[in-house]
Amino acid sequence: MLKKPFAVLMLACAAMACGTREQATAPHDRLDSIAREYVKLGLSIGQFDGDFVDAYYGPDSLRPAKTDTSHFPKETFLQRAAALKKALAALATGNEQDTLAHRAEWLTAQLTAFERRIHLFSGTFVAFDAESKDLFDAVAPVYDEKHFQDLIARLDHLLPGQGPIPARYQQLANHFLIPQDKIDTVFTTAIAEARRRTLAHYALPAGEDFKLEYVHDKPWSGYNWYKGNYKSVIQINVSQPIYIERAIDLACHEGYPGHHVYNALLEKNLFRDKGWTEISLYPLFSPQSLIAEGSANYGISMAFPGNEQQDFCKKVLMPLAGLDTTMAGAYFEALTIRSALNYARNEVARGLLDHGMSEQEAKRWLTDYCLLPEKGASDYLRFIRKYRSYVINYNYGQDIIKKYIESQGGSAADPAKRWALFQALLSNENKAGDLIRK
């Protein structure tokens, strides 16, 4: 008979003891104990899987000792995750505390994502939709090619010139390409405006701040590295062409009211004020990321509703970049349609990962329907290979957030309520299934 690892046996014994010698322990204390084991497990996985932990700002005492990483202990990690889920199920049974039950349910979903990522990292794969369900608690809708062909056809009358639509779109977009020597000026201005607009509605924690860096040769266009204590490093990939609207997109998405604000509010409201240790660990491949990416994308229209992004670009950012505003109206109309085309990225990832689409066909979809230039298409293929079903978090995640906020009364006609609902969303443990049910 094989012996279970010592840590797993100890965890199982602790779970069984809940009904005997620990009966006097309050349920929330037992949940706090499970949360600490959850963090330890996530940090241990992160020693092997370099992409697993996106951020951690909790106690150093929970960090694992350095270990030999030459052998990935798949079964040990799976057993630890299963034991934690069992302990959470026992804790939730018969408990009428809504907050405790919700917190336990969130942790359980995060641990399901741990299990799926453990399998992925060790080379065991499932279908795209099964993967996204386990990792992000969501399955994105499927669209056939005709759906995107119909959207592309709507661009024909908007774009100047004749010939293939992707080439005509690119020709128009090139008028709004930010010169390399103007990128810093444009981005610092865009982030300052996004921050100003966010602070008009939210009182962020004292001392919150970010550092802006420019990097090269990444599969993404921007990234927020949250460091804890309400500080972020925001990186912009300047190896890719950066068009004028992306300055506001990334200022909001990576900064205000996007990732930086989301992480700062979680740290303040849940980790600092309530002592919920689990929130100090941000596992990238987890339901938390759908909320993070979806809210960061939705945050663009929160800070710049209606035509305000276009207006700010035309009046402020384009003059700073030395760009002609003549074709701006047609360009922003085309961008609206291009936004709807973003679901084609999911179909490319689904096709590649389910082995039904060749790389050549994937590039055709990315250029013909996502309207990416050649380098953009190549970079996005790199993104899919690295992040897999993560791609659904941007478009489907945004739509889930949008429908939830609007269903609760947060419409454009009531911006104060919309900002309040958005703040509540960013300040609590949520997952896609919660928002869809509501």
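Read on for an overview of the structure. Predicted, not measured: the structure shown is a model, and the values here were computed from it.

Digging into the overall build of the protein chain
Across its full length, the protein chain carries 19 helices and five strands. Expressed along its principal axes, the backbone C-alpha trace of the protein chain runs to roughly 75 × 50 × 40 Å. By the burial criterion, 52% of the 438 residues in the protein chain qualify as buried. Within the protein chain, residue pairs in contact and separated by at least 24 positions form 73% of the contacts whose partners lie at least 6 positions apart. Accessible surface, the protein chain as shown: approximately 19200 Å² in total, 52% of it carbon and sulfur.

So, the packing of helix 15 (residues 359-368) against helix 16 (residues 374-387)
Where helix 15 contacts helix 16, the two axes come as close as 9 Å, and the packing angle between them is 120°. As far as their axial angle goes, helix 16 and helix 15 are oblique. Viewed along their axes, helix 15 and helix 16 form a crossing whose handedness is right-handed. Packed against helix 15, whose contacting residues are Glu359, Ala362, Lys363, Leu366 and Thr367, the element helix 16 presents Ala377, Ser378, Tyr380, Leu381 and Arg385 at the interface. Of the residues belonging to the contact of helix 15 with helix 16, the class tally is five nonpolar, two polar and three charged.

Concerning the environment of Ala432
Residue position: Ala432 is located in helix 19 (residues 432-437). C-alpha of Ala432 to C-alpha of Ile291: the two residues are 141 residues apart in sequence and 7.0 Å apart in space. The contacts of Ala432, once residues within four sequence positions are left out, are Phe136, Asp137, Ala138, Leu290, Ile291 and Ile400.

A short note on the environment of Leu120
Here Leu120 shows up in helix 4 (residues 98-121). Between the C-alpha atom of Leu120 and that of Glu131, which follows or precedes it by 11 residues, the distance is 9.0 Å. Not counting residues within four places of it along the chain, the set of residues in contact with Leu120 comprises Phe125, Glu131, Leu135 and Arg388.

Quick word on the sheet that holds strand 2 (residues 209-215)
If you trace the three strands from one edge of the open sheet to the other, you get 2-4-3, paired in mixed fashion. Looking at strand neighbours, the two that pair on one side only are strand 2 and strand 3 (222-228), the edges of this open sheet. The mean inter-strand angle of the sheet, taken between neighbouring strand axes irrespective of direction, is 20°. Relative to strand 4 (residues 231-237), strand 3 runs antiparallel, the two being bridged by six bridges. Pairing of Trp225 across the sheet is with Val233, part of strand 4. Strand contacts of helix 9 (residues 244-255): strand 3 and strand 4, with the helix running at about 25° to strand 3, the strand carrying the most contacts. Contacting strand 2, strand 3 and strand 4, helix 10 (residues 259-272) runs over the sheet at an angle of about 20° to strand 3.

Quick look at the side chain of Asp49
Following the sequence through the fold, Asp49 ends up in the loop between helix 2 (27-46) and strand 1 (53-56). Classification of Asp49 by relative accessible area gives buried; the value is 2%. Within the structure, the side chain of Asp49 is placed 2.7 Å from the side chain of Arg117, a separation counted as a polar contact. If near-sequence neighbours (up to four positions away) are discounted, Asp49 is found in contact with Arg117 and Phe121.

What to know about the packing of aromatic side chains
This model, assessed by the stated rule, comprises 30 aromatic pairs. Ring plane angle 80° and centroid distance 5.8 Å describe the contact between Tyr331 and Phe332, whose orientation is recorded as edge-to-face. Here Tyr331 matches Phe332 in class, with each residue buried. Put simply, the rings of Phe136, Phe285, Tyr380, Phe383, Tyr387, Tyr390 and Tyr394 touch in pairs and so form one group of aromatic residues.

Focus on helix 2
The end-to-end C-alpha separation of helix 2 is 29 Å, in line with the 28 Å expected for 20 residues at 1.5 Å each. Turning to helix 2, its buried residues are Arg30, Leu31, Asp32, Ile34, Ala35, Tyr38, Val39, Leu41, Gly42, Leu43, Ser44 and Ile45. Along its buried surface, helix 2 packs onto strand 1, helix 3 (74-92), helix 4 and strand 5 (281-283).

Structural notes on the environment of Asp311
Relative to the helices and strands, Asp311 resides in helix 12 (residues 308-321). On the basis of relative accessible area, Asp311 is assigned to the partly exposed category, the value being 34%. Between the C-alpha atom of Asp311 and that of Gly329, which follows or precedes it by 18 residues, the distance is 9.8 Å.

Observations regarding the nonpolar core
Tyr38, Leu155, Ile244, Ile248, Leu317, Tyr331 and Phe422 are the most contacted members of the largest nonpolar core, which totals 140 residues. By residue number, the principal contributor to this core is helix 4, which donates nine residues. With near-sequence residues (within four places) excluded, Leu317 lies in contact with Val186, Thr189, Ala190, Ile244, Ala247, Ile248 and Phe312.

What about the packing of helix 2 against helix 3?
As a packed pair, helix 2 and helix 3 sit with axes 11 Å apart at the nearest point and diverge in direction by 165°. Viewed along their axes, helix 2 and helix 3 adopt a mutual orientation that is roughly antiparallel. For the element pair helix 2 and helix 3, the recorded crossing hand is left-handed. Contacts from Pro27, Arg30, Leu31, Ile34, Glu37, Tyr38, Lys40, Leu41, Ser44 and Ile45 of helix 2 reach helix 3 at Phe77, Arg80, Ala81, Leu84, Ala87, Leu88 and Leu91. Partitioning the contact of helix 2 with helix 3 into residue classes produces 12 nonpolar, one polar and four charged.

What to know about the pairing of strand 4
The buried fraction of strand 4 amounts to six of the seven residues, a majority that puts the element mostly inside the structure. Here seven bridges tie strand 2 to strand 4, and the two strands are oriented parallel to one another. Its bridge partner lying in strand 4, Lys211 is registered against Val233. Hairpin connection between strand 3 and strand 4: a loop of two residues separates the two successive antiparallel strands, and Asn229 in this loop has a positive phi of roughly 55°.

Some remarks on the pattern of salt bridges
Note on pairing: side chains with opposite charge can pair once their charged atoms come close. Enumeration over the complete set of coordinates arrives at 34 salt bridges. A salt bridge links Glu37 to Lys40, with the shortest nitrogen-to-oxygen separation between them at 3.6 Å. Linking Glu37 with Lys40, this pair stays in helix 2, spanning three residues, or about one helical turn. With relative accessibility at 25%, the residue Glu37 sits in the partly exposed group. For Lys40, a relative accessible area of 28% corresponds to the partly exposed category. Through salt bridges with shared partners, a single ionic network connects Glu105, Lys431, Asp434 and Arg437.

Rules of the game
Residues numbered from 1 in each chain as written. Predicted model: local features only at pLDDT ≥ 70, side-chain atom pairs only at ≥ 80, totals over all residues. Heavy atoms only, no water. Helix = DSSP H or I, 4+ residues; strand = E, 2+ residues; numbered from the N terminus. Buried < 20%, exposed > 50% of the residue type's maximum accessible area, 1.4 Å probe, protein only. Contact = heavy atoms within 4.5 Å. Areas by Shrake-Rupley, 256 points an atom, 1.4 Å probe, with all protein chains shown as cover. Axes fitted to C-alpha atoms, helices over the stretch in contact; angles between N-to-C directions. Parallel < 35°, antiparallel > 145°, perpendicular 65-115°, else oblique. Left-handed = near helix turned anticlockwise from the far one by under 90°. Nonpolar A, V, L, I, M, F, W, Y, C, P; charged D, E, K, R; others polar. Pairing = 2+ DSSP bridges. Polar contact = N/O pair within 3.5 Å; in protein donor to acceptor, adjacent residues only side chain to side chain. Phe/Tyr/Trp six-rings, centres within 6.5 Å; stacked < 30°, edge-to-face > 60°. Expected span 1.5 Å × (residues − 1). Core = buried A, V, L, I, M, F, W, Y, C linked by side-chain atoms within 4.5 Å. Salt bridge = Lys/Arg side-chain N within 4 Å of Asp/Glu carboxyl O.

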